[in-house]
Amino acid sequence: MKAIKKIVAAGMILSLSCVVFAQNTKNSNSETSVESEYLSDIDADIITSLATSDEYDNKLVALQYLKTAIEDGNTSDGVIAALDRLAGEGISSQTRQNGRVMNNFPDIRREACLLMGNIKTEHAKNTLVSIAVADNEPMVIAAAVHSLGDIGINENDEVIDAIAFANRRNEVLNPTSSLALEVLNAFEILAPTAENKKTMIDSIARIAVDYNYVTPVRQKAYKLLKQMSNTDSSSSKKSSEKSSEKEANE
């Protein structure tokens, strides 16, 4: 009888300990959550302050903060706003002195565009489309095109059309092999999402025969055209086979 009482008492103590431990754990998790949220807000404030600074070096630091924040899963409104600001630095947001733009930093815009490729949202896609068609620096446009391929959103061929437009404009003004290569890479990724491939095929074909581009880029263009042709032929064959099978069953 005494042994049973001891077991019951031990059980009660163990249960009480579990309750206390669970409560402490819950409080600890709550405190950690509040602390994380608070630190996240602080990070966003710091990043925003650095991004809107007139100093070039501060913008570089902001990019480092943004990279870390995104890697940690922080895509708060403040982080996105700072990224938008840096992606348009000197284009959509300008600081002028005596009529001269003082914050035209293409390398800042380039890095911001590349970071934006990690945020696979409609907002990020729209921002990058705007940059691809409006920026005048090939390296920035190339970064925007690269990230548009990474994001992969292409409703109603909006992204493919924007990329084709950007490349066409630069073919005339300043044909750049690095940009053409990013265009080809993005088209390769987005091809399965295309509703009408004509614009994309025309753009690829022009790259293939334009000797302003280096040989490897033109060769990739030829290879991509062949790949798309084979894919279309395979799809047409499968569609034909399905139609024939349906007719036979009827």
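See the structure shown above.
What you see is a predicted model; the values in this text were computed from it and never measured. (Residues numbered from 1 in each chain as written. Predicted model: local features only at pLDDT ≥ 70, side-chain atom pairs only at ≥ 80, totals over all residues. Heavy atoms only, no water.)

Describing the overall build of the protein
Regarding its fold elements, the protein presents ten helices and two strands. When the helices and strands of the protein are read in sequence order from the N terminus, they spell out α-α-α-β-β-α-α-α-α-α-α-α. Relative to its full complement of 250 residues, the protein shows a buried share of 36%. Here the analysis covers contacts within the protein between residues at least 6 apart in sequence; of these, 64% occur between residues at least 24 apart. (Helix = DSSP H or I, 4+ residues; strand = E, 2+ residues; numbered from the N terminus. Buried < 20%, exposed > 50% of the residue type's maximum accessible area, 1.4 Å probe, protein only. Contact = heavy atoms within 4.5 Å.)

Quick look at the packing of aromatic side chains
Using the criterion set out here, one finds one aromatic pair in the structure. With a centroid separation of 5.0 Å and 70 degrees between ring planes, the pair formed by Tyr-56 and Phe-105 is classed as edge-to-face. Of this pair, Tyr-56 sits in helix α2 (residues 56-71) while Phe-105 sits in the loop between β2 (100-101) and α4 (106-116); the two residues are 49 residues apart in sequence, bridging distant segments of the chain. Taking relative accessible area as the criterion, Tyr-56 reaches 29% and is therefore assigned partly exposed. A relative accessible area of 14% means that Phe-105 is categorised as buried. (Phe/Tyr/Trp six-rings, centres within 6.5 Å; stacked < 30°, edge-to-face > 60°.)

A look at the nonpolar core
Counting 59 residues, the largest nonpolar core has Leu-66, Ile-163 and Phe-187 as the members making the most contacts within it. Here the element with the most residues in this core is helix α6 (residues 138-151); it accounts for eight residues. With residues near it in sequence (within four places) discarded, Phe-187 still touches Ile-160, Ile-163, Ala-164, Met-200, Ser-203, Ile-204 and Leu-224. (Core = buried A, V, L, I, M, F, W, Y, C linked by side-chain atoms within 4.5 Å.)

Side note on helix α9 (residues 198-209)
Helix length check: α9, at twelve residues, gives a terminal C-alpha distance of 17 Å against a target of 16 Å (1.5 Å per residue), a fit within 8%. Taken together, the buried positions of α9 are Met-200, Ser-203, Ile-204, Ile-207 and Ala-208. Buried residues of α9, seen end-on, are gathered within an arc of 140 degrees and therefore sit on one face of the element. For α9, exposure combined with an orientation more than 90 degrees from the buried face picks out Lys-198 and Val-209. (Expected span 1.5 Å × (residues − 1). Arc of directions from axis to C-beta.)

Considering the pattern of salt bridges
Per the stated rule, a full pass over the model turns up ten salt bridges. Here Glu-89 ties to Arg-85 by a salt bridge, and the two come within 3.6 Å at their closest N and O atoms. On the basis of relative accessible area, Glu-89 is assigned to the buried category, the value being 1%. As a salt-bridge pair, Glu-122 and Lys-125 come within 2.7 Å of each other at their nearest N and O atoms. Taken as a pair, Glu-122 and Lys-125 lie in helix α5 (residues 122-134) at a separation of three residues, close to a single helical turn. On the basis of relative accessibility, which here comes to 36%, the residue Glu-122 falls in the partly exposed class. Overall, Lys-125 belongs to the buried group, its relative accessible area being 2%. Taken together, the salt bridges that share partners define one network made up of Lys-59, Arg-85 and Glu-89. (Salt bridge = Lys/Arg side-chain N within 4 Å of Asp/Glu carboxyl O.)

Structural notes on the environment of Gln-219
Considering the arrangement of structural elements, one finds Gln-219 in helix α10 (residues 215-249). For Gln-219, a relative accessible area of 51% puts it in the exposed group.

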